[in-house]
Every structure is written in C-alpha cells, then in structure tokens.
Amino acid sequence: MRSESDTSVSEARTFIDQARRAQMVTAAIEAIAELGYVNASLARIAKWAGTSKGVITYHFAGKEDLIKEVVSQLYAQGEAYMTPKIMAQPDGVSMLRTYVEANLEYMRDHRNHLLAVLEIALNARGEDGSRLFDEATLDTGVLALAEMIAHFQSTGEFRPDFDPRVMAVTIREAVDAVPRRMSRDPALDLDHYGREMAALFVRAARADRENKAEGKDGR
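Residues numbered from 1 in each chain as written. Predicted model: local features only at pLDDT ≥ 70, side-chain atom pairs only at ≥ 80, totals over all residues. Heavy atoms only, no water.

Peer 1: Describe the overall build of the protein, listing the residues and the values that go with them.
Peer 2: Of the regular secondary structure elements, the protein holds 11 helices and zero strands. Written out in order from the N terminus, the α and β elements of the protein read α-α-α-α-α-α-α-α-α-α-α. Evaluated residue by residue, the protein yields a buried proportion of 39% over its 219 residues. In the protein, the proportion of contacts linking residues at least 24 apart, taken out of those at least 6 apart, comes to 65%. In the structure as shown, the protein presents an accessible area of about 12400 Å², 51% of it carried by carbon and sulfur atoms. (Helix = DSSP H or I, 4+ residues; strand = E, 2+ residues; numbered from the N terminus. Buried < 20%, exposed > 50% of the residue type's maximum accessible area, 1.4 Å probe, protein only. Contact = heavy atoms within 4.5 Å. Areas by Shrake-Rupley, 256 points an atom, 1.4 Å probe, with all protein chains shown as cover.)

Peer 1: Could you give an account of the packing of helix 5 (residues 92–109) against helix 8 (residues 164–176), with specific residues and numbers?
Peer 2: The geometry of a pair of packed helices is captured by two quantities: the angle between their axes and the separation between those axes. Direction vectors running N to C along helix 5 and helix 8 enclose 20°, while the axes themselves pass 11 Å from each other. By the angle class used here, helix 5 and helix 8 are roughly parallel. Relative to helix 8, the crossing made by helix 5 is right-handed. Contacts from Leu96, Tyr99, Val100, Asn103, Leu104 and Met107 of helix 5 reach helix 8 at Ile171, Arg172 and Val175. Residue composition of the contact of helix 5 with helix 8, grouped by class: seven nonpolar, one polar and one charged. (Axes fitted to C-alpha atoms, helices over the stretch in contact; angles between N-to-C directions. Parallel < 35°, antiparallel > 145°, perpendicular 65-115°, else oblique. Left-handed = near helix turned anticlockwise from the far one by under 90°. Nonpolar A, V, L, I, M, F, W, Y, C, P; charged D, E, K, R; others polar.)

Peer 1: Kindly report on the environment of glycine 156, identifying the contributing residues and their values.
Peer 2: Counting through the fold element by element, glycine 156 comes out in the loop between helix 7 (136–154) and helix 8. Accessibility expressed as a relative area gives 24% for glycine 156, which makes it partly exposed. The spatial distance from the C-alpha of glycine 156 to the C-alpha of alanine 207 is 6.9 Å, given a sequence separation of 51 residues.

Peer 1: Kindly report on helix 8, identifying the contributing residues and their values.
Peer 2: The terminal C-alpha atoms of helix 8, which comprises 13 residues, lie 18 Å apart, in line with the 18 Å expected from a rise of 1.5 Å per residue. Taken together, the buried positions of helix 8 are occupied by Pro164, Met167, Ala168, Ile171, Arg172 and Val175. Mapping the buried residues of helix 8 onto a view down its axis gives an arc of 130°, with all of them on the same face. Where helix 8 begins, one side-chain oxygen reaches toward the backbone nitrogen of arginine 165, 2.8 Å away; that side chain belongs to aspartate 163. (Expected span 1.5 Å × (residues − 1). Arc of directions from axis to C-beta. Polar contact = N/O pair within 3.5 Å; in protein donor to acceptor, adjacent residues only side chain to side chain.)

Peer 1: Please provide a residue-by-residue account of the packing of aromatic side chains, values included.
Peer 2: By convention here, two paired aromatic rings are described through the distance between centres and the angle between planes. According to the stated counting rule, one finds two aromatic pairs in the structure shown. Their ring planes at 45° and their centres at 5.7 Å tell us that tyrosine 81 and tyrosine 106 sit as a pair that is tilted. Linking tyrosine 81 in helix 4 (residues 63–87) with tyrosine 106 in helix 5, this pair joins segments that are 25 residues apart in sequence. A cation over an aromatic ring shows up here: lysine 63 above the ring of tyrosine 37, its NZ or CZ 3.9 Å from the ring centre. (Phe/Tyr/Trp six-rings, centres within 6.5 Å; stacked < 30°, edge-to-face > 60°. Lys NZ or Arg CZ within 6 Å of the ring centre and 35° of its normal.)

Peer 1: Lay out the pattern of salt bridges in plain terms, naming residues and giving numbers.
Peer 2: Within this structure, the stated rule accounts for six salt bridges. Here arginine 21 and glutamate 69 are joined by a salt bridge, their closest N and O atoms 4.0 Å apart. Of this pair, arginine 21 sits in helix 1 (residues 4–35) while glutamate 69 sits in helix 4; the two residues are 48 residues apart in sequence, bridging distant segments of the chain. Residue classification places arginine 21 among the partly exposed residues on the basis of a relative accessible area of 29%. Taking relative accessible area as the criterion, glutamate 69 reaches 24% and is therefore assigned partly exposed. Among the salt bridges present, the one from aspartate 191 reaches arginine 108, with a minimum N-O distance of 2.6 Å. Residue aspartate 191 is found in helix 10 (residues 190–205), and its partner arginine 108 is found in helix 5; the two are separated by 83 residues along the sequence. Taking the relative accessible area as the measure of exposure, arginine 108 reaches 36% and is therefore partly exposed. In the salt-bridge network here, residues are joined through shared partners; they are Arg108, Asp109 and Asp191. (Salt bridge = Lys/Arg side-chain N within 4 Å of Asp/Glu carboxyl O.)

Keep in mind that these numbers describe shape and distance, not what the molecule does.
Here's what the structure looks like:
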C-alpha cells in the first residue's frame, strides 16, 4: 500500500515531467517558427529550451514524437479557445461570424505556433516518408462546421440552395490559408482580416431577407 508521502512524490514528479514536456514543446514552436522545420534539429531545440538533446529524448521518442505533440496541442488549445465563444452565440449568423473571427483571433495570439505548424505541414515527414501533419483533424473540423451550417439551413436562417459541406470546406480553406499570409506579411492585421472574411461568408450563407436588411446596418 502506498503511503501519502509516496503519492505526493509521484504527483510532484508527474507535474515536473508535464512542465518539462511543455517547456520542450514551447522551445520547438519557437525554434521551428524562427529557423524553419528542416533547420530546427533536436540539438537546436534543446539549446532553445536551455537543456540537452538527451533530456528531450527522455521525454519524447524523437523529433517526430515532439512534432506530433506540437500539432496536437495547437488543435486542442484552439478548440478549447474557440468552442465556448461560438456556442455562446444566440443564432446561426452570430455563430458563423464568431467561428471565423475566433479562428483568426487565436492565430493572432499564437502566431509562432501557427507558423511552426505551417512549417510542419509543408516539410515534416516521418522515417517512412509519410507526412507528420495529420489532415484528418481538418476533416473533422469541416464535418462539424458543415453540420452547423446544415442545421441553420433547416431553421431558415441560412439559404437552403447551397451544399453545406462545400461551404464548410471553402470557409476552412480560407481560414487555413491565413498562416501562409502571416508568414509573408508580419504586419497583417488579423482582426480586420477576420471581420472582413466573416462578413463575406455571412453574406453568402444567410437567407435573402436578412441579406436585404444587412445593407441598413452594414453587417
């Protein structure tokens, strides 16, 4: 039977291990965003973290394992940030607008993480030649967005005469193109970009009677 002292020591070690893993993920993000994926070796990431390569390989099986954690964290944190904002909205138009704007707000506040994942998506491959960026996550996001759009088509808030999956794919592609724009234009105003993009898709999706009223309030 474990004593309270043993349990406390185990919990402390777990906390320390988690903190060290988080430190290494942060270092990987900064190194990849600054140096590019190819140049961000484990040795350079370790130097960025103020530790040794051996410490990284103690916590991660290798660079591939570390990179997968970087991508996984981005999507988990993004979902945790955006979902409450979207679900708090009272109607479909507000939810769609918030979906787009919250995505770009998250990009604004996690610029290096987005640039690092862009580098990973473009350049990272495993030992077998497969891409380390798992696009299944993107497909899941498209499905959820398409379901939301289809729901508000059924309520009459969105036009019924378009394919919700095509609209969802188009929105997602537009959002996912922003990190490339960020990498080329460091001064890009993501708040403005998000508002304009959201307004564009809201105009395309909302029912005609609401589109006519839109001209009166500019939204």
